[in-house]
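Structural description and commentary
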Amino acid sequence: MNPGPVSDHRGHGQAEETRRFRQRNVEVEAAFFLPLLSRGMTLLDIGCGPGSITLGLAGRVSPGRVIGVDIDPVRIESASIAADDSGAGNVSFQIADAVNLPFDDAHFDAVFANGLVEHLPDQRAGLAELKRVLKPCGVIGVRSPDWGVALLEPDSETMRASINLRNRWQHHSGGHPETGRRLRRLLIETGFADVSAGASAESHGTDSGAAEGARYMHSILEDPALALLAAERNWANADEIQEMRQAWTDWSKQPGAFASFLWCHATGRAPSDS
Ligand SMILES: C[S@@+](CC[C@H](N)C(=O)[O-])C[C@H]1O[C@@H](n2cnc3c(N)ncnc32)[C@H](O)[C@@H]1O
């Protein structure tokens, strides 16, 4: 399901997240954006994580320059190592905050963000900053999960309660679990032109895929910060969280276990007079 971290300051589970993010690639996560890219473009990947998608984007726009930025120094270090290993000469990584980017106005031909917008407390301010660094008519592509939609087979109230708990936690941390459905509206309200949106499902439909889904939910439910907050707010006690964890384990072992989650994407252009 790979929705990204509930909050970007939590340490527990980060290794698991980084492992999952490394499996992402330009052909899947950026498929919706590739038709808008061409060789020679300068591109910014914001909230690039360990950089697996960024490196793929660099291959698509080469010899154009690509910069990956992330607020988390650990992720930038890991992305820089991956870039060195890949030998890509047109990509670099640096630490930066999406809402206060260290780039001049109208610097990039393209801006991309996978799994970022849902983490920005002020999403409109963040998108306005992305628009600022785009050249007039430059292209933007954003992609975020929508945690308001989940297919579960077999369905389970306890698993749904765990998704609800995860969403409350993300909301409490300043994030927005139902960002996916709002991306088109957010881009239009920020002043982008030619905005269109779509969605794709990320599914767990094999034994190993179901185990992976359960492992991801475990990494959330085992976070001590979640346990503390849930107890403090009376959202769930330790026993209930343990039941949720067990429900995911039991689900993943059932023959025919299936889960599917929605990711939405939107593209647009900076206005010609920006
Ligand atoms: C769900 S991960 C996605 C990583 C990568 N784009 C991918 O899809 O594999 C979200 C990333 O956004 C970063 N992030 C969160 N808030 C940020 C901000 N304000 N500025 C820059 N990066 C941010 C996090 O550190 C994290 O690496």
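Structural notes, computed from the coordinates.

**Regarding the nonpolar core**
The biggest cluster of nonpolar side chains holds 48 residues, and the ones touching the most others in it are Leu43, Ile46, Leu57 and Val111. Once residues lying within four places of it in the same chain are set aside, the contact partners of Ile46 are Val69, Ala98, Val111, Ala113, Leu116 and Leu130.

**Describing helix α6 (residues 157-172)**
Relative to the 22 Å expected for 16 residues at 1.5 Å per residue, α6 spans 22 Å between its end C-alpha atoms, a close match to the ideal helical length. Within α6, the full set of buried residues consists of Met159, Ser162, Ile163, Leu165, Arg166, Trp169 and Gln170. One face of α6 carries all of its buried residues, which in axial projection span an arc of 155 degrees. For α6, the secondary structure elements touched by its buried residues are β5 (134-153), α8 (207-221), α9 (224-232) and α10 (238-252). Looking at the residues trailing α6, positive phi occurs at Gly174, about 95 degrees.

**Topic: the sheet that holds β5**
By definition, the strands of a sheet pair up through backbone hydrogen bonds, in either a parallel or an antiparallel sense. Strand order in this open sheet of 7 strands is β3-β2-β1-β4-β5-β7-β6, and the pairing throughout is mixed. Looking at which strands have only one partner, the edges of the open sheet turn out to be β3 (91-95) and β6 (193-204). Ignoring which end each strand starts from, the neighbouring axes of this sheet average 20 degrees apart. Packing of helix α5 (residues 123-133) onto the sheet brings it into contact with β1 (43-46), β4 (108-114) and β5, and relative to β5 it is tilted by some 145 degrees.

**Comments concerning the pairing of β4**
Most of β4 is tucked away: 7 of the 7 residues are buried. Bridge count for β4 against β5 is 6 bridges, and the pairing is parallel. By the bridge assignment, Asn114 is partnered in β5 with Arg143. Remark: the β4/α5/β5 crossover connection has right-handed handedness.

**Re unusual backbone geometry**
Here the bond from Ser62 into Pro63 is cis, since omega is 10 degrees, no more than 30 degrees from zero. Structurally, the position occupied by Pro63 is in the loop between α3 (52-61) and β2 (66-70). In this chain, Glu153 is followed by Pro154 through a cis amide linkage whose omega measures -5 degrees. Note on placement: Pro154 falls in the loop between β5 and α6. With a phi close to 60 degrees, Asn234 is a non-glycine residue in the positive phi region. Within the element layout of this structure, Asn234 appears in the loop between α9 and α10.

**Some words on the environment of Glu212**
Within the secondary structure, Glu212 sits in helix α8. With 16 C-beta atoms counted inside 10 Å, the residue Glu212 sits in the partly exposed group. A C-alpha to C-alpha distance of 25 Å links Glu212 and Arg181, two positions 31 residues apart in sequence.

**Focus: helix α7 (residues 183-190)**
Within α7, burial applies to Leu183, Arg184, Leu186, Leu187 and Thr190. Angular distribution of buried residues about the axis of α7 spans 165 degrees; they occupy a single face of the element. Summarising the contacts, the buried residues of α7 are in contact with α5, β5, β6 and β7 (258-269). Downstream of α7 by a residue or two, Gly191 has a phi angle that is positive, lying close to 100 degrees.

What counts and how
- Residues numbered from 1 in each chain as written.
- Predicted model: local features only at pLDDT ≥ 70, side-chain atom pairs only at ≥ 80, totals over all residues.
- Core = buried A, V, L, I, M, F, W, Y, C linked by C-beta atoms within 7 Å.
- Buried ≥ 20, exposed ≤ 12 C-beta atoms within 10 Å, placed from the backbone.
- Contact = placed C-beta atoms within 7 Å.
- Helix = DSSP H or I, 4+ residues; strand = E, 2+ residues; numbered from the N terminus.
- Expected span 1.5 Å × (residues − 1).
- Arc of directions from axis to C-beta.
- Pairing = 2+ DSSP bridges.
- Axes fitted to C-alpha atoms, helices over the stretch in contact; angles between N-to-C directions.
- Right-handed = clockwise from strand over helix to strand, strands pointing away.

Geometric descriptors of this kind do not, in isolation, establish any biological role.
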